[in-house]
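# Summary of structural features
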Amino acid sequence: MRYWMYFTITVLLLGGCTAGSQVGSQAQTSQSNRERLYDDVRMLSETFAQRNTNHRGVLNDAGTWVGDRLASMGYVVNLEQVNKQKPERGFNVIAELRGTTRPEEIVLIGAHYDAEIDTPGADDNASGVAAMLELARRFADAPMDRTVRWVGFTNEENSNSKGGVMGSFAHAREAKNRNESIVAMMSLEMLGFYDETPGSQQYPFDQSMAARLGMDLPDTGDFIGVVGRFEDRRLIDAISASMRASERANVVDAALPAMVRAIWRSDHGNFWLAGYNAVMITDTSEFRTPHYHMPSDTIETLDFERMEGVVDALEVAIRDLATLSPDE
Ligand SMILES: [Zn+2]
């Protein structure tokens, strides 16, 4: 998650936000799934703790490791240089599950594998990468109607994108140049921090105004957010409906005016700039966690039970997005 580059103005035509279903009801929890998430977060946040542009070798090693994990699942992995003239600027890691009936239509799931300087980034964003890897594993042997593309992005954080480009900017630009039909983009951006204390959840806009507009936003930070612009409303609705149907995650969705700057602060923003619909899946970053961009963003602060639920819910959402409905 990038930090604030602009002071947020808040506008208050906020879209509907609704709280969703219960966590954990009929779920089949698998200890091994949760352990895999834990192991992957530990690898990124401890072994590759310094995955930033002050330690380019570590950052690239982290990317190589993400690629190796995808390759071990049977994917063909491609590395995409963010700047072809300057390979030292780093690379994205890409794997695809090619669609069977509509391969030209792409559902893109991305997570940035870099971390802000001097923070281990367990939540930001080892959690998102671990979730992406677990999802990629679950889909690896079963192609869907549409193509599912997994991307580990580099250089998302402000400190790492200085003097270069964000990995997601490069990917979105190239996709647009190739005229690719990305029908949905999902940025997995901080999925692991939850707080059941009343009052633990803040927002980048005025709550009383939200209330006047009939929005009922929880003040307890125990949910996963599905966030986008007004223009992404249909995609937000589809993803949150699928996630709720899984009964594995407490989902709050929000379609907000594009001028709320806080909603741009991850890789999906570059897909918006390229003309695609995209959403961010997030624990809401510093509006909930006190460890945002701090050395204390460690694995011990994360809730792996809830994270596993979010992964289960996302699996349903991706499956639904990548499957043609009968009328399509
Ligand atoms: Zn960040």
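Bear in mind the structure is a predicted one, so any value in this text is a computation, not a measurement.

## Overview of the overall build of the protein chain
Of regular secondary structure, the protein chain possesses nine helices and 10 strands. Across the 328 residues that make up the protein chain, the buried fraction comes to 60%. Relative to all contacts within the protein chain whose residues are 6 or more apart in sequence, the contacts with residues 24 or more apart total 80%. For the protein chain, the accessible surface area stands at approximately 13,000 Å², while carbon and sulfur atoms represent 51% of it.

## Regarding the coordination of the zinc ion
The zinc ion binds to the protein through Met 1 (N), Met 1 (O), Asp 124 (OD), Glu 157 (OE), Glu 157 (OE) and His 293 (NE2); the donor distances cover 1.9 to 2.6 Å. Coordination of the zinc ion draws on donor residues from a single chain, spaced M-x122-D-x32-E-x135-H in sequence. Remark: Asp 124 occurs in helix α3 (residues 122–139) and Met 1 occurs in the segment before α1 (31–47); sequence separation between them is 123 residues. Each member of the pair Met 1 and Asp 124 is classed as buried.

## Remarks on unusual backbone geometry
Going from Asp 124 to Asn 125, the amide bond is cis rather than trans, its omega being 5°. Along the chain, the position of Asn 125 falls in helix α3. Located in the positive-phi region is Met 190, a residue other than glycine, with phi close to 70°. Of note, Met 190 is situated in the loop between β5 (181–188) and β6 (195–198). Overall, the relative accessible area of 1% leaves Met 190 in the buried class. Of note in the backbone geometry, Thr 284 takes a positive phi value of approximately 80° without being a glycine.

## A word on the side chain of Arg 2
Mapped onto the secondary structure, Arg 2 falls in the segment before α1. No salt bridge is formed by the buried Arg 2, whose closest oppositely charged neighbour, Glu 156, lies at an N-O distance of 5.1 Å. Side chain to side chain, Arg 2 and Ser 161 meet in a polar contact 3.3 Å long.

## Notes on the sheet that holds strand β1 (residues 77–81)
With mixed pairing, eight strands are arranged side by side in an open sheet as β1-β2-β4-β3-β5-β10-β8-β9. Edge positions in the sheet fall to β1 and β9 (251–256), since each of these pairs with one other strand and no more. Neighbour to neighbour, the strand axes of the sheet diverge by 20° on average, direction disregarded. Where strand β2 (residues 91–97) lies against strand β4 (residues 146–153), five bridges are found, and the strand directions are antiparallel. Considered in β4, the bridge of Val 93 is made with Gly 152. In the packing of helix α2 (residues 56–72) onto the sheet, the strands contacted are β1 and β2, and the crossing angle to β2 comes to about 10°. Lying over the sheet, α3 contacts β2, β3 (102–112), β4 and β5, oriented at roughly 145° with respect to β3.

## Quick look at the packing of aromatic side chains
This structure, assessed with the given rule, holds eight aromatic pairs. Where Phe 139 meets Trp 150, the ring centres are 5.9 Å apart and the plane angle is 55°; that geometry is what we call tilted. With Phe 139 in helix α3 and Trp 150 in strand β4, this residue pair connects regions lying 11 residues apart in the sequence. Of the two residues, Phe 139 and Trp 150, both sit in the buried class. If you follow Arg 288 out to its NZ or CZ, it ends over the ring of Phe 223, 4.7 Å from the centre. Its guanidinium or amino end placed over the ring of Phe 139, Arg 319 lies 4.5 Å from that ring's centre, counting from NZ or CZ.

## Considering the pairing of strand β8 (residues 224–229)
Most of β8 is tucked away: six of the six residues are buried. In terms of strand pairing, β8 meets β9 through six bridges, oriented parallel. Across the sheet, the residue bridging to Val 227 is Ala 254, located in β9. With helix α7 (residues 233–245) bridging β8 and the parallel β9, this β-α-β connection has right-handed handedness.

## A few points about the confidence of the model for the protein chain
Put simply, the protein chain has an average pLDDT of 90, and 89% of its residues get 70 or more. With pLDDT under 50 throughout, residues 5–28 is counted as low confidence; its partners more than four residues away or in other chains account for 68 contacts.

## Thoughts on the nonpolar core
Core analysis: the largest hydrophobic core is formed by 61 residues, its most contacted members being Tyr 75, Trp 150, Met 186, Leu 188, Ile 239 and Ile 281. Once residues within four sequence positions are removed from consideration, Ile 281 is found in contact with Met 186, Ser 187, Leu 188, Glu 189, Met 190, Leu 191, Ile 224, Gly 225, Val 226, Ile 239 and Leu 314.

Cut-offs and rules
- Residues numbered from 1 in each chain as written.
- Predicted model: local features only at pLDDT ≥ 70, side-chain atom pairs only at ≥ 80, totals over all residues.
- Heavy atoms only, no water.
- Helix = DSSP H or I, 4+ residues; strand = E, 2+ residues; numbered from the N terminus.
- Buried < 20%, exposed > 50% of the residue type's maximum accessible area, 1.4 Å probe, protein only.
- Contact = heavy atoms within 4.5 Å.
- Areas by Shrake-Rupley, 256 points an atom, 1.4 Å probe, with all protein chains shown as cover.
- Donors = N, O, S within 2.8 Å, 3.2 Å for Na, K, Ca; no water.
- Lys, Arg positive; Asp, Glu negative; His and termini not counted.
- Salt bridge = Lys/Arg side-chain N within 4 Å of Asp/Glu carboxyl O.
- Polar contact = N/O pair within 3.5 Å; in protein donor to acceptor, adjacent residues only side chain to side chain.
- Pairing = 2+ DSSP bridges.
- Axes fitted to C-alpha atoms, helices over the stretch in contact; angles between N-to-C directions.
- Phe/Tyr/Trp six-rings, centres within 6.5 Å; stacked < 30°, edge-to-face > 60°.
- Lys NZ or Arg CZ within 6 Å of the ring centre and 35° of its normal.
- Right-handed = clockwise from strand over helix to strand, strands pointing away.
- pLDDT = per-residue confidence, 0-100.
- Core = buried A, V, L, I, M, F, W, Y, C linked by side-chain atoms within 4.5 Å.

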